[in-house]
Every structure is written in structure tokens, then in C-alpha cells.
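# Examining the three-dimensional arrangement
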Amino acid sequence: MKSLFEQMGGTYTQQGDYQLPDITMPPQDERPIGIWGQRRREFLKSRHRVRYYNLLTKGTLYTHLADINEQAEQMSETLTAQFAEQEGITEQLKADDMMAWVGTMNNISERVREIIYAELIFR
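A short tour of the structure in this document, coming up. Think of each chain on its own: its residues are numbered from 1, step by step along the sequence as written. This being a predicted model, a pLDDT of at least 70 is required before a residue's local features are given, and a value of 80 or more before pairs of side-chain atoms are given or counted; all residues contribute to the totals for chains, interfaces and linings. Excluding hydrogens and water, the side-chain values take into account all heavy atoms of the structure.

### So, helix H6 (residues 98–121)
With 24 residues, H6 extends 32 Å from end C-alpha to end C-alpha; this agrees with the ideal 34 Å at 1.5 Å per step. As for H6, its buried residues are in contact with helix H2 (34–47), helix H4 (61–86) and helix H5 (91–96). Numbering of helices and strands starts at the N terminus; helices are DSSP runs of H or I of at least 4 residues and strands are runs of E of at least 2. To estimate how far a helix should reach, multiply one less than its number of residues by 1.5 Å. We call two residues in contact when some of their heavy atoms are within 4.5 Å.

### Thoughts on the pairing of strand S2 (residues 18–21)
Examined bridge by bridge, strand S1 (residues 12–15) and S2 share four bridges and lie antiparallel to one another. Directly across from Tyr12, in S2, lies its bridge partner Pro21. Two strands make a pair as long as DSSP finds a minimum of two bridges between them. The antiparallel hairpin formed by S1 and S2 contains two residues in its connecting segment, where Gly16 sits at a positive phi of about 65°.

### Comments concerning the environment of Gly59
Secondary-structure assignment places Gly59 in the loop between helix H3 (49–58) and H4. Exposure remark for Gly59: the relative accessible area of 10% places this residue in the buried category. Each C-alpha atom of the pair Gly59 and Met105 lies 39 Å from the other, and the pair is 46 residues apart in sequence. Whether a residue is buried, partly exposed or exposed follows from its accessible area with a 1.4 Å probe, protein chains only, as a fraction of its type maximum: under 20%, in between, or over 50%, in that order.

### Side note on the environment of Arg113
The residue Arg113 is located in helix H6 in this model. Separated by 76 residues in sequence, Arg113 and Gly37 have C-alpha atoms that sit 14 Å apart.

Here you go:
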């Protein structure tokens, strides 16, 4: 009598005294997950384990993480440019008063980071 696995087309391989099912994961996405994807993965692993393991077993975890990373990078560029324009940050300010430019850009970067965490990473 065939097992349900065998009835569905599954096969086994003999390993010593045991027959192990021939199971492989679906092919994973080749895009890099980057820092934002890594942060999202850690958040899912620590706070949403069921969702993390569902994505992992469906073979869509790395696609999800790569998508989050791409969205975060795009959001970071867009928001940084918008905030810099709103606050009048120019190359002339950079040339005239480097410390003021650095301080303001650091402030903008921190605000952008918080928005990305709230909108993409910790949702």
C-alpha cells in the first residue's frame, strides 16, 4: 500500500536503514535582502513567528525581504530628498557651513529611518 506522499508523486531515498522523502524547497529569490530586509527578518522571527515560518515554508520569505529592502531604499531616497528640499538644504549650505549641513542631514536621516521602521519594518 502506497503512502499519501507516494500517491501524490513523492519518492524516497534510502539512507542507511531509513527511507527519507525527497523533499526540496522551491527556488529562492536571488536578489539581496540588504539591511532593511535583515531588520524585517529579525522582527518577524522575534515578534511574528507564525508569519515568518509561513513565508519560509512557502518559499516566499526571501522575495518578501528583498521587496521590503527595495521599498525601504526607495522610500529613504525620496523622503530624504523631500525633507532636504523643505528645509532648504543645498550644496551651497554644504560648502558654506559644513557642520550645519551635517547636523541637518543627520536629523533628516534619523526621521526617515523612523518612518521606514513604522511603515515597512515593524508592521
